[in-house]
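Each chain, written out:
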Amino acid sequence: MDNVSVIIKKQIRDTFKNKTVLIQFVMFPAMTLIMENAIKMDGMPVNFFTKLFSVMYIGMAPLTSAAAIISEEKEKNTLRVLLMANVKPWEYLLGISVYVWTLCMLGAAVMATGLPASDIPFYMMTMGLGFIISILAGACVGIYAKNQMVSTSLVMPVMMVLSFAPMLAMFNDKIEKVARFFYTQQIRVVFNTMSFDGVGGKGLLIIAVNACLALGLFFVTFRKNRL
Amino acid sequence: MISCRNLYKSFSDKTVLSGINFSIEDGEIFGLLGPSGAGKTTLINIITGQLPFDKGYVCVLDKNVKELTGEDSKKIGIMMDSFGVYERFSCADNLKIFADIYGVSHDRIIQTLEAVGLKDAAGKPASDLSKGMRARLQLARVFMHSPKIIFLDEPTSGLDPQTMKQIHHLILDKKKEGCTIFLTTHNMEEATALCDKVALLNEGVIVECGAPKEVVRKYNHQKKIKLHLVTGEDVELPHDEGSAERIFSLMIEKKVETIHSSEPDLETVFLELTGRKLEEA
C-alpha cells in the first residue's frame, strides 16, 4: 500500500477519536441544516445561512484541522516515527490534505442539500477550490508551529479574519473594503449569484492571487522548516 | 554492518562528537555507554541518518549512511527515547499503520504483540498503557518488520526491574534471530548483561571500546580477593601466592563463608577513565 493511502487510512481511523478536529468538520454543516430549517424570515435572501456558513466553513475547518493534525504529530513525535519509517514529507502532507479536503467536501455536500440542484455542481467546485487554499494556509501553520499551542495561537487570528470578515462585510462598508482582498469574501460574492460573473475578472484575480500566495507561503515554510 | 570513522559533530561552537571510531559486526549487540549529555543520542541520530555530521564517514548496512535508500530503511528499526505512539489508537491500530507502511501482513501484528507480551492489550488505547507497556509497544513497532539492524536509544530508561528484564529477553531473542543491535544506555548492568561490545562515551569522545569482560579485565589493577568469614568479619587479600596460603588455611579451619574476586565493573572503569559516574545527570 502506498504511503499516501496509509496516512489517509490512519486519519480516517482517527476521525471519530479526535473530537477537536471532528467538530470542525461537523459544526457548520450541522448549523446550516438547523438554521435553514428553523429560521424563516420575510425578506431574508434564499439560502442565506447556507451561503454565509459555507464561506465561514471554508475559512475555518480546513485551516484549523490541517494545522491541528500536523502540529499534534510534531508535538507528540509520531511524525518523526513516520518519517523514519520512510514516509516522505510530501506523502505525509498530501495524505493529510486529501483527508481534510475530502471530509470538508462531505460537509459541503451536506450544506448543499438546501440548494437548487442546478447550483450544486458549481457550489461544490467553488467550495473545493476554497478548501484547497485554506488547507495550504493551515499546512503552513502546522509546518511552522512546533506544538499545538503555537499552532492554535497562529491559526486563531487568520481564521477569524478569513471566516468573519465576509460576514461583517455585509454590514460595514469599511470592513468590506478590506475583506474584498480575501478569497473568502470573493467566494461569498460568487455564492450570491452562484456564478463567477458576480465577482468579475477582478474577483477571480483576487482568488488566484490568494491561491498563489498560499502556495508560495507553503513552499517557503516547508523549505525553511521541513517537517 | 555499522561503522564510524573519525566522526565529528558540532552544534554552533560546541563540539559534541570528536573523532568517533568503532565498528559493529553482523549479529552483535553494541552498547554505547555514557552519562546524560555525553553525545549518545546525537551519535544514534547521525547513524540513523536523522542528523547530518561535520566530518568523517558513517557506514550502515555496508553503505554510506548518506546513500541509504527507502528499501534500506526497511531493514532498519529505530526506537528513540523521544518517539511517540498514537495515543488515541489501540496497540493493534498503532502497529497496523506501520504494517501498511512496511508492507507487512496484518497477521504479524498479533504475533508481534504476543512476542512482546501485549496480546491481551491489543485493543487497549495507547493512552491507557503504563510506561513499561508503552516501551514494549514501541519495541513491537521496531520488531514487526523484522529489521536487520535495530537501534535502541535508552530502551529501558525509567522502567521497573521486571519490565527491564522482559525487554532484555526480547533484545536477546532478536540477537538469536541474527539482528545487529545498537543500543545506548547509562546502565552498566544492562550493558554487561546484553552487549558483545561496549564503547564508553564521555563528552563526545570514546574513551574505551571492547568486549565488556575485556574492558573490565584491562582495568583490573587492584586484583583483590574478598573473603567473608563465618565470624562476620570481611577480609581483603591481594591476588598473590601469600594470599593463597592464607585462604587455604582459613578454609581448612572452616572459617570462610564466601569468597569473591574484586574485579571492577564498567561503572568503576568509567569512573577511573573520566572521573565521572555513568548515572550522573
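Residues numbered from 1 in each chain as written. Chains lettered and ligands numbered in written order. Predicted model: local features only at pLDDT ≥ 70, side-chain atom pairs only at ≥ 80, totals over all residues. Heavy atoms only, no water.

## Remarks on the interface of chain B and chain A
Between chain B and chain A, the residue contacts involve 23 residues of the former and 21 residues of the latter. In total, about 2100 Å² of surface goes out of reach between chain B and chain A, with carbon and sulfur atoms giving 59% of it. Our enumeration of links across chain B and chain A arrives at four salt bridges. The partner of Arg88(B) in a salt bridge is Glu72(A), and the shortest N-O contact between them spans 2.9 Å. Inspection of the chain B/chain A interface yields 10 residue pairs in polar contact (both at pLDDT 80 or more). If you list the elements that add at least two residues to the side of chain B that touches chain A, you get helix H2 (70–73) and helix H3 (91–102) of chain B. Ranked by residues supplied to the side of chain B that touches chain A, first place goes to H3(B) with seven residues. (Contact = heavy atoms within 4.5 Å. Buried area = accessible area lost by both parts, 1.4 Å probe. Salt bridge = Lys/Arg side-chain N within 4 Å of Asp/Glu carboxyl O. Polar contact = N/O pair within 3.5 Å; in protein donor to acceptor, adjacent residues only side chain to side chain. Helix = DSSP H or I, 4+ residues; strand = E, 2+ residues; numbered from the N terminus.)

## Let's talk about the environment of Tyr57(B)
All names here are of chain B. Structurally, Tyr 57 can be placed in strand S4 (residues 55–60). The class of Tyr 57 is partly exposed, set by a relative accessible area of 29%. Separated by 37 residues in sequence, Tyr 57 and Ile 20 have C-alpha atoms that sit 9.6 Å apart. Those residues in contact with Tyr 57 that sit more than four places away from it in its chain are Ser 3, Cys 4, Arg 5, Lys 63 and Asn 64. (Buried < 20%, exposed > 50% of the residue type's maximum accessible area, 1.4 Å probe, protein only.)

## Brief notes about a nonpolar patch on the surface
Where nonpolar side chains cluster on the molecular surface, the patch consists of Trp90(A), Leu94(A) and Val98(A) and spans about 280 Å² of accessible area. Here Trp90(A) shows up in helix H5 (residues 89–111). (Patch = residues over 30% accessible without salt bridge, like charges linked within 9 Å, V, L, I, M, F, W, Y side chains within 5 Å. Areas by Shrake-Rupley, 256 points an atom, 1.4 Å probe, with all protein chains shown as cover.)

## A few points about unusual backbone geometry
Apart from glycine, the bulk of residues carry a negative phi angle, and the bulk of peptide bonds sit in the trans form. Residue and element names in this part refer to chain B. The backbone of Leu 61 sits at a positive phi, close to 55°, despite the residue not being glycine. By secondary structure assignment, the location of Leu 61 is in the loop between S4 and strand S5 (63–64). Accessibility expressed as a relative area gives 15% for Leu 61, which makes it buried. A positive phi angle, near 60°, is found at Asp 62, a position not held by glycine. Among the secondary structure elements, Asp 62 is positioned in the loop between S4 and S5. Note on Asp 62: relative accessible area 60%, which makes it exposed.

## Considering the sheet that holds strand S11 (residues 224–229) of chain B
All names here are of chain B. Ordered in space as S12-S11-S13, the three strands form an open sheet in which the pairing is antiparallel. Because the sheet does not close on itself, it has two edges, and the strands there are strand S12 (234–238) and strand S13 (256–261). When the angles between neighbouring strand axes are averaged without regard to direction, this sheet yields 20°. As paired strands, S11 and S13 are joined by five bridges and run antiparallel to one another. Within S13, the position partnered with His 228 by the bridge is Thr 258. Here helix H9 (residues 241–252) sits on the sheet in contact with S11, S12 and S13, set at roughly 145° to S12. (Pairing = 2+ DSSP bridges. Axes fitted to C-alpha atoms, helices over the stretch in contact; angles between N-to-C directions.)

## A look at helix H9 (residues 183–193) of chain A
Residue and element names in this part refer to chain A. Taking burial as the measure, the 11 residues of H9 include eight buried ones, the bulk of the element. Of all the positions in H9, only Tyr 183, Thr 184, Gln 185, Gln 186, Ile 187, Arg 188, Val 190 and Phe 191 are classed as buried. Tucked into the core, H9 has its buried residues touching helix H3 (48–75), helix H6 (120–144), helix H7 (148–169), helix H8 (173–179) and helix H10 (200–225). Just past H9, the residue Met 194 takes up positive phi, approximately 55°.

## A word on the pattern of salt bridges
The full count for this structure, using the stated rule, is 19 salt bridges over all chains. Here Arg180(A) and Glu176(A) are joined by a salt bridge, their closest N and O atoms 2.8 Å apart. Between Lys74(B) and Glu71(B) there is a salt bridge whose closest N-O contact spans 3.6 Å. You can call Glu71(B) exposed: its relative accessible area is 53%. One connected set of salt bridges, linked through shared partners, spans Asp14(A), Glu72(A), Lys76(A) and Arg88(B).

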